[in-house]
Amino acid sequence: MSFTTAQAFDKFYDAVKLDAATEHKVVQRRDRVVEVLQKAFPSTSTMRYIDSHIIGSMGRKTASKPFEDIDVMVHLAVDAELWRNRYVSNSSEFLSRVRTSLNSTSTVQKVGARGQAVRLFYTDGLIVDVAAVVKYNTGGYGIPGGSGQWLTTDPLQHGQYITERNIQLGNRLRRFVVIAKQWNKAHSSRLSSFHLEMLAARTFSTLGRDTRDGLRKFFNHNIHNLTVPDPAGHSVDLSSYLTPTACSAVHTSMTAARDRADLALSAEKRGDHAEAIRHWRIILGAQFPTG
């Protein structure tokens, strides 16, 4: 049965958004990690478990299939003397202690590390990244930087920012981001998930129900405008990970998407939904309905 372009977008969103079964699994795995860390770092330890939060796109409710990892931020309090003598200049040792504790008490398939987090690998492929952090009195959290240094971040403020912008934009930003991430995944994933979210959050002063028009505006607005500050104030430019070559590739990809979105919008306007859907499928990937 054929359907309109708007109906195709509704079907697509339902197919790629976070589903209830995955949400349940996310909470279960978070709870298991918390249980393990509470035992590993009790209140009598020189490193103590304080609290945890699901962060990343799962926490911000902007995840888009396929779901590959769950980010769990774990706040640990460190005794002042231990901090000064061992960890203040060596975040790798801090992370190693967390990894060792998880490795000795966890029943998952494999425990590894990726520089900033401890990775828990499961047989179903849904990885848990445990980001162990310390809280700074000056604001934000310290997270291992991957080379022994500490980086300052605030995932909770990032989540609050997206929540506020979503409300300001009529509760449509999260839906938009879930769909926009499919464009990124279909075209080499050149943008980080977090960077794309922040670009989308700053693009719109208003965001209507027409996601097709919103995507066209998003591509057009950001073709030569990839610089965006960290809303928590800890990074001047979230696009700094992109090399000049990568920036050029993003510009080319966004320009092509903007131009094809123009063709799709024109086809929809004249009532040719099959042609509009064909163009959107090229933009958003093979999971987009065929009509």
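Each remark here, short or long, concerns the structure printed above.
What counts, and at which threshold
Residues numbered from 1 in each chain as written. Predicted model: local features only at pLDDT ≥ 70, side-chain atom pairs only at ≥ 80, totals over all residues. Heavy atoms only, no water. Core = buried A, V, L, I, M, F, W, Y, C linked by side-chain atoms within 4.5 Å. Buried < 20%, exposed > 50% of the residue type's maximum accessible area, 1.4 Å probe, protein only. Helix = DSSP H or I, 4+ residues; strand = E, 2+ residues; numbered from the N terminus. Contact = heavy atoms within 4.5 Å. Axes fitted to C-alpha atoms, helices over the stretch in contact; angles between N-to-C directions. Parallel < 35°, antiparallel > 145°, perpendicular 65-115°, else oblique. Nonpolar A, V, L, I, M, F, W, Y, C, P; charged D, E, K, R; others polar. Polar contact = N/O pair within 3.5 Å; in protein donor to acceptor, adjacent residues only side chain to side chain.

Asks: What's the story with the nonpolar core in this structure? I'm lost.
Replies: Taken as a class, soluble globular proteins show a tendency for nonpolar side chains to be buried jointly. Counting residues in hydrophobic clusters, the biggest one holds 43 residues, and the most contacted among them are Trp183, Leu191, Leu215, Phe218, Met254, Trp280 and Leu284. Of all the secondary-structure elements, those providing two or more residues to this core are helix 1 (5-16), helix 7 (173-186), helix 8 (193-203), helix 9 (211-222), helix 10 (244-269) and helix 11 (273-284). Once residues lying within four places of it in the same chain are set aside, the contact partners of Trp183 are Leu191, Leu196, Phe218, Phe219, Ser253, Met254, Ala257, Ile283 and Leu284.

Asks: What exactly am I supposed to notice about the packing of helix 8 against helix 9 here?
Replies: For any two helices packed against each other, the geometry comes down to the angle between their axes and how far apart the axes lie. The interhelical angle for the contact between helix 8 and helix 9, taken along N-to-C directions, is 100°, at an axis separation of 10 Å. On the basis of the axis angle, helix 8 is roughly perpendicular to helix 9. Counting all contacts with helix 8, which are made through Leu196, Leu199, Ala200, Arg202 and Thr203, the residues of helix 9 involved are Lys217, Phe218, His221 and Asn222. Its residues assigned to classes, the contact of helix 8 with helix 9 shows 4 nonpolar, 3 polar and 2 charged.

Asks: Please explain the side chain of Gln182 as it appears in this structure.
Replies: Relative to the elements of secondary structure, Gln182 occurs in helix 7. Looking at Gln182, the relative accessible area reads 4%, which means it is buried. Of note is the side chain of Gln182, whose polar atom sits 2.7 Å from the side chain of Ser64. When near neighbours in sequence (up to four residues on either side) are disregarded, Gln182 contacts Phe12, Val16, Ser64, Lys65, Leu284 and Gln287.

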